[in-house]
Amino acid sequence: MRFTQPDINSKYMYSFLTTENWADYELVDSGNFEKLERFGQYYVARPEPQAIWDKHLPESEWQRMANAVFTRDKGSQEKGQWKLQKGMPEQWYINYQYNDLKLRFRLGLSSFKHVGLFPEQDSNWKFIYNKTRSLKAKTPKVLNMFAYTGAATLAAKAAGADVTHLDSVKQVNFWARDNMEASGLDNVRWIVEDAMKYARREVKRGNTYNGIILDPPAYGRGPNGEKWQLENELNELIKLCHQMLDKTDYFLVINLYSLGFSALILDNLMRLTFGEQIKNEELGEIYLHDRGERKLPLGTFFRFSSEGK
């Protein structure tokens, strides 16, 4: 699902993308800095800093429905504890299907409130799958950086790509491998490395990719303690991606989840770097909608490709 709004100062459209028709996922409710989600048969309540409005459902309904509730530790914005109702497992699986793309994901309750999947990225998985299939290369090369548990990796792989999956956390790569096997796929190249170091080395080697996927965090650490801070590193990383991206047969998608990081910043960075290579572009926000028709913003994105829709 999408709706677009014209930018009165340019010829470009600003898009709002959301997931739809996913049997195993639903944003049930949001508000009071929390969100209630259904993953398969289980309901999970956890913090959400952007949900500043009132909840649609009464608190008693949240308490009745939630199989797992995350509470932050005192003095921490990220770490915390899960309180589980009887019968709630710490790990479980859900399915995802889009046309003939069928994936299976293992979910788990982490001490940082995450469950191993960002379902709002559904619209980008579809884009990656479709664009990979439309590339002219017999076996397109796709690089997924900050790849986490690999949903985007698997979308590209299922579409026939030779995929390099890069994340700085070894355990996350093991998790992504589990998702690959559960989805009946194989032969992904797994790299545990700092993204900037890898990109610089690939540019020196002259290696290029038909597809590049970026979902960088606001801040993080590489495997050897390398510091990543979005506003300080993103400009250079995008320039490196410009050098790595094939010049005739390509797609690129970048998603940012960072409070206060405007889509206009992303628009400037991409257009200044890629220039005329940008075709069939989309810029905007990704969101989820709950049963009360509240729209929860979960990131800005920019994507483009050599081939049209």
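Reading the values: the criteria
- Residues numbered from 1 in each chain as written.
- Predicted model: local features only at pLDDT ≥ 70, side-chain atom pairs only at ≥ 80, totals over all residues.
- Heavy atoms only, no water.
- Helix = DSSP H or I, 4+ residues; strand = E, 2+ residues; numbered from the N terminus.
- Rg over C-alpha atoms; globule rule 2.2 N^0.38 Å.
- Buried < 20%, exposed > 50% of the residue type's maximum accessible area, 1.4 Å probe, protein only.
- Contact = heavy atoms within 4.5 Å.
- Areas by Shrake-Rupley, 256 points an atom, 1.4 Å probe, with all protein chains shown as cover.
- Core = buried A, V, L, I, M, F, W, Y, C linked by side-chain atoms within 4.5 Å.
- Axes fitted to C-alpha atoms, helices over the stretch in contact; angles between N-to-C directions.
- Left-handed = near helix turned anticlockwise from the far one by under 90°.
- Nonpolar A, V, L, I, M, F, W, Y, C, P; charged D, E, K, R; others polar.
- pLDDT = per-residue confidence, 0-100.
- Lys, Arg positive; Asp, Glu negative; His and termini not counted.
- Salt bridge = Lys/Arg side-chain N within 4 Å of Asp/Glu carboxyl O.

- The protein has the name 23S rRNA (Cytosine1962-C5)-methyltransferase in an unreviewed UniProt entry, where Pontibacter ramchanderi is given as its organism.

**Looking at the overall build of the protein**
Reasoning step 1: Along its length, the protein carries seven helices and 18 strands.
Reasoning step 2: A compact globule built from 309 residues should have a C-alpha radius of gyration of about 19 Å, and the protein, at 19 Å, falls within 12% of that.
Reasoning step 3: In terms of its C-alpha atoms, the protein occupies a principal-axis envelope of roughly 55 × 45 × 40 Å.
Reasoning step 4: Residues classed as buried in the protein amount to 52% of the 309 residues present.
Reasoning step 5: Sequence-distant contacts in the protein: of pairs separated by 6 or more residues, those separated by 24 or more amount to 62%.
Reasoning step 6: Working note: accessible area of the protein is about 14800 Å², and carbon and sulfur atoms make up 48% of it.

**Quick word on helix H3 (residues 151–158)**
Along an α-helix, residues three or four apart share an orientation, since each turn contains 3.6 residues.
Reasoning step 1: Within H3, seven of the eight residues are buried, which leaves it mostly tucked inside the rest of the structure.
Reasoning step 2: Within H3 the residues assigned to the buried category are Ala151, Ala152, Thr153, Leu154, Ala155, Ala156 and Lys157.
Reasoning step 3: Structurally, H3 contributes buried residues whose contacts are with strand S9 (101–108), helix H2 (122–134), strand S10 (141–145), strand S11 (162–167), helix H4 (170–182) and strand S13 (211–214).

**Focus on the nonpolar core**
Considering soluble globular proteins, one finds that nonpolar side chains tend to be buried as a cluster.
Reasoning step 1: Core analysis: the largest hydrophobic core is formed by 46 residues, its most contacted members being Trp92, Phe105, Trp125 and Ile128.
Reasoning step 2: If we skip the residues at most four places from it in the chain, Trp92 touches Phe39, Tyr42, Val44, Phe105, Arg106, Leu107, Gly108 and Leu109.
Reasoning step 3: Listed in part, the 38 residues of the second largest apolar core include Tyr209, Leu237, Leu252 and Leu266.

**Comments concerning the packing of helix H5 (residues 195–205) against helix H6 (residues 230–244)**
Reasoning step 1: It is the contact of H5 with H6, at a shortest axis distance of 9 Å, that shows an interaxial angle of 35°. The handedness of the crossing between H5 and H6 comes out as left-handed. Each of Met196, Ala199, Arg200, Glu202 and Val203 in H5 lies in contact with H6, whose residues at this interface are Glu233, Glu236, Leu237, Leu240, Gln243 and Met244.
Reasoning step 2: Broken down by class, the residue content of the contact of H5 with H6 amounts to six nonpolar, one polar and four charged.

**Describing the confidence of the model for the protein**
Reasoning step 1: A residue-level look at the protein finds 94% of positions with pLDDT of 70 or above and a mean pLDDT of 92.
Reasoning step 2: A low-confidence stretch, residues 6–10 stays under pLDDT 50, and its non-local contacts, those more than four residues away or across chains, total three contacts.

**Digging into the side chain of Glu233**
Reasoning step 1: Relative to the helices and strands, Glu233 resides in helix H6.
Reasoning step 2: Despite its burial, Glu233 remains without a salt bridge, the nearest opposite charge being carried by Arg200 at 4.9 Å.
Reasoning step 3: The contact partners of Glu233, leaving out residues within four places of it in the chain, are Met196, Lys227 and Trp228.

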